[in-house]
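# Chains, contacts and geometry: an overview
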Amino acid sequence: MGTLEATETKNKTAPSAPERIKGSEAIVRILLEEGVDTAFGYPGGAIMPVYDALYDHQEKIKHVLARHEQGAIHAAQGYARASGKVGVCLATSGPGATNLITGIADAQIDSTPVVCITGQVAASLLGSDAFQETDVIGISMPVTKWNYQVTSAAEIPEALSKAFYIARSGRPGPVVVDITKNAQFEEFDFEYKKTTHIRSYVPVPKLDMEKVKEAAEAIDNAKRPYILFGQGVILGNAEKEFKTFIEKTGIPSAWTIMGLSALETDHPLNVGMLGMHGNYGPNLLTNECDVLIAIGMRFDDRVTGNLDKYAKQAKVIHLEIDPAEIDKNVPADIPVLGDAKESLIELTKLVKPNSHEEWLQRFRDCDAMEQEKVIKEELNPNTEILSMGEVVRIINEKTQGDAIIVTDVGQHQMVACRYSKFTKSKSNITSGGLGTMGFGLPAGIGAALGAPDRTVISIVGDGGLQMTIQELATIYQTKPKVKVLLLNNEFLGMVRQWQQLFFDKRYSSTEMINPDFQTLAKGFYIPTNKVTERENLEAAIEEFIDYDGAYFLEVMVGKENNVFPMVPSGSGVAEIRLE
């Protein structure tokens, strides 16, 4: 559990005179002070005083009533990722709080800033196994950036001030503040000071210019330099600086699925996707570069494959804000700790203008091979069976790369990440590190509310959709203009692919006997359509995108289509398979 004694707060403006109010009212006022205009949640006994206080502020804070707390936290994540703000989630004690844990864990590993406020039984009942009491602090500790339990009203301002500061600063992440019911009812003299500093907490390490100079020298001397960029570029608001850096140095750059959209897809130095189902060249040529420059990425195992076979020939430069990520998986020859924007500005000043046309051509050659063996058939199949890739291709054509694409987890996720085209940052929202099925639908709701001026398309599979399908009711009640695209192959597709390739086609518990999704969508009063024939696909997608409001489109795709390329589990990245 966190402590408040070691904190220091600084107030940028003179505090107003104290006002005596209830703890519940203080919570809502703090949300307003922190710029919160949207909150997601589900009421219950232990959080009821806060909901009562929200009643008087409905014009300033839009509360989105999810149908399950997991839906609320995923929606808060989608909101945060699309808007760049902190997502806020409210839940009651016991099962309400524990239902948030999957989303909190997802936010932790994907560095998403979320503040979760949970109700708790009265302080006098703590430890007594009271009705709907759980140790939320103990349960959430491993999957939060910080957590704290408030037992008196006077603690609320400092605890929440610290929560918002920690959630959004440095490497962002989720925070849980658990507030007992008595603290919500108690009156106290309310003052609020925004936290700008916490003793012993250094969210942004001081940039070591000697390391920057060392990195610049290595880059200037490289013959085959290669950049891997991740979500750190987006979280650091460093997209412009990153683009300037790669254009000055001429270095081929590949992205993790969390880094997708930091650089426009069609940029000539954007060579594609890393990882298990990434592009052929970006994986294969990792083991041919002489300098590997990692920017805002953490060398996840889905990117590296077998670490014993990963980039052993390369000098590794790692630009990273979180010291815990340095040397965690891949040893860094030149670690550059600091904010991505600041690091890239200083590095760009020092490096010499360059181009690596011959080296870049190696990526183009690999891309041509992948186009011939994989992509051509995926995007333009010559069979009657519809493919996921061709659906994504038509979406690209109709949106011109301007939409936000939210995905669930599975084959459709990999296909969407591989083939979606983006022209703007914060356009790809997916569950990367945790791989949470059920993420796509509620995260799409949150994204549509966080970026109401953009087209938001939530691409889901039939498996993941049914984990949070109740959130269709949230769409009906709240009216976000989210487009839900179901790519239905009547299988748990990714698991089935592994069973086909590595378990002799023993399809154990992966075939889905599904409900009538059209009837379900109609039951939630959402306009809907279903496509089974190619001749109807383009017109259906056009109507889906052009409709002014939420829309549900189901497309039946190949039951046993596979996603390639693929780096088999336990293999090195150079052992990537095209078929």
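Residues numbered from 1 in each chain as written. Predicted model: local features only at pLDDT ≥ 70, side-chain atom pairs only at ≥ 80, totals over all residues. Heavy atoms only, no water.

Our next topic: the overall build of the chain. Looking only at helices and strands, one finds 23 helices and 22 strands in the chain. For 579 residues, the compact-globule estimate of 2.2 N^0.38 gives 25 Å, and the chain sits close to it at 24 Å. Taken over the C-alpha atoms alone, the chain extends approximately 70 × 65 × 40 Å along its principal axes. The buried share of the chain, taken over its 579 residues, is 60%. Long-range pairs, those at least 24 residues apart, make up 77% of the contacts in the chain between residues at least 6 apart in sequence. On the chain, roughly 23100 Å² of surface is accessible, and the fraction owed to carbon and sulfur atoms is 49%. Looking at charge distribution, the chain has the averaged site of its 57 positive side-chain charges lying 3 Å from that of its 77 negative ones. (Helix = DSSP H or I, 4+ residues; strand = E, 2+ residues; numbered from the N terminus. Rg over C-alpha atoms; globule rule 2.2 N^0.38 Å. Buried < 20%, exposed > 50% of the residue type's maximum accessible area, 1.4 Å probe, protein only. Contact = heavy atoms within 4.5 Å. Areas by Shrake-Rupley, 256 points an atom, 1.4 Å probe, with all protein chains shown as cover. Lys, Arg positive; Asp, Glu negative; His and termini not counted. Charge placed at Lys NZ, Arg CZ, Asp CG, Glu CD.)

Okay, empty space enclosed by the protein next. With the rule as written, the count across this model stands at 2 cavities of 30 Å³ or more. Approximately 70 Å³ is the volume found for the largest cavity. The residue makeup of the lining of the largest cavity, split by class, is 4 nonpolar, 5 polar and 1 charged. Computed from the structure, the second largest cavity encloses a volume of approximately 30 Å³. If you go around the second largest cavity, the residues you meet are Phe 40, Val 64, Ala 66, Gly 71, Ala 75, Pro 442, Ile 445, Glu 471 and Thr 474. Listing elements by their share of the lining of the second largest cavity, those giving two or more residues are helix H3 (69–83) and helix H18 (440–450). Of the residues belonging to the lining of the second largest cavity, the class tally is 6 nonpolar, 2 polar and 1 charged. (1 Å grid on protein atoms, 1.4 Å probe; cavity = no way out; pocket = protein on both sides within 12 Å on 5 of 7 lines; lining within 4 Å. Points joined across faces, edges and corners; volume = space filled by probe spheres on them. Nonpolar A, V, L, I, M, F, W, Y, C, P; charged D, E, K, R; others polar.)

Turning next to the packing of helix H1 (residues 23–33) against helix H7 (residues 156–168). Angle between the axes and distance between the axes: these two values describe a pair of packed helices. Between H1 and H7, whose axes approach to 10 Å, the crossing angle comes to 30°. Relative to H7, the element H1 is oriented roughly parallel. The handedness of the crossing between H1 and H7 is right-handed. Together, Gly 23, Ala 26, Ile 27, Ile 30 and Leu 31 of H1 and Ile 156, Pro 157, Leu 160 and Phe 164 of H7 make up the contact between the two elements. Residues belonging to the contact of H1 with H7 are distributed by class as follows: 8 nonpolar, 1 polar and no charged. (Axes fitted to C-alpha atoms, helices over the stretch in contact; angles between N-to-C directions. Parallel < 35°, antiparallel > 145°, perpendicular 65-115°, else oblique. Left-handed = near helix turned anticlockwise from the far one by under 90°.)

This part is about helix H14 (residues 340–350). Residues Ala 340, Ser 343, Leu 344, Glu 346, Leu 347 and Thr 348 constitute the buried set of H14. Along its buried surface, H14 packs onto helix H9 (209–221), helix H10 (232–235), helix H11 (239–249), strand S14 (291–295), strand S15 (315–320) and strand S16 (334–337). The opening residue of H14, the one whose side-chain oxygen lies 3.1 Å from the backbone nitrogen of Lys 341, is Asp 339. (Polar contact = N/O pair within 3.5 Å; in protein donor to acceptor, adjacent residues only side chain to side chain.)

A few words now on the domain arrangement of the chain. Taken as a whole, the chain is organised into domain 1 (4–190), domain 2 (209–363) and domain 3 (386–556). Distance between the C-alpha centres of domain 1 and domain 3: 30 Å. Across the boundary between the two partners, domain 1 contributes 23 residues, which contact 26 residues of domain 3. Taken as a group, Arg 67, Arg 81 and Ala 82 account for 31% of the area that domain 1 buries against domain 3, more than any other trio of residues on that side. In this assembly, domain 1 and domain 3 are joined by 0 salt bridges. Counting across the interface, domain 1 meets domain 3 through 9 residue pairs in polar contact (both at pLDDT 80 or more). The set of elements that each furnish at least two residues to the side of domain 1 that touches domain 3 consists of strand S4 (62–65), H3 and helix H5 (101–109). Tallying contributions element by element places H3 first for the side of domain 1 that touches domain 3, with 10 residues. Grouping the constituent residues of the side of domain 1 that touches domain 3 by class yields 9 nonpolar, 9 polar and 5 charged. (Domains from an automatic or database assignment. Buried area = accessible area lost by both parts, 1.4 Å probe. Salt bridge = Lys/Arg side-chain N within 4 Å of Asp/Glu carboxyl O.)

It is worth spelling out the pairing of strand S6 (residues 114–120) at this point. Counting buried residues in S6 gives 7 out of 7 residues, a clear majority hidden from the surface. Both faces of S6 are covered, namely the face carrying Val 114, Cys 116, Thr 118 and Gln 120 and the face carrying Val 115, Ile 117 and Gly 119. Judged from the 5 bridges that link them, strand S5 (residues 87–91) and S6 form a sheet pairing that is parallel. Note that in S6 the partner of Gly 87 across the bridge is Val 114. Note: S6 against strand S8 (residues 174–180), 7 bridges, orientation parallel. Each residue of the ladder has a partner; that of Thr 118, found in S8, is Asp 178. (Pairing = 2+ DSSP bridges.)

Checked against the element boundaries, Ser 343 lands in helix H14. Residue Ser 343 is classed as buried on the basis of its relative accessible area of 2%. Sequence-distant contacts of Ser 343, defined by excluding residues within four places in its chain, comprise Leu 207, Leu 319, Val 336 and Gly 338.

So, about the nonpolar core. Ranked by size, the top nonpolar core spans 98 residues in total, and within it Tyr 226, Leu 292, Ile 295, Ile 317, Leu 485 and Val 555 carry the most contacts. No other element matches helix H15 (residues 357–379), which puts 7 residues into this core. Split by domain, the residues of this core number at least three in each of domain 2 (209–363) and domain 3 (386–556). Those residues in contact with Ile 295 that sit more than four places away from it in its chain are Ile 227, Leu 228, Phe 229, Gly 230, Val 233, Phe 242, Phe 245, Leu 319 and Leu 344. Counting 47 residues, the second largest nonpolar core, distinct from the first, contains Ile 101, Ala 107, Val 136 and Leu 449. (Core = buried A, V, L, I, M, F, W, Y, C linked by side-chain atoms within 4.5 Å.)

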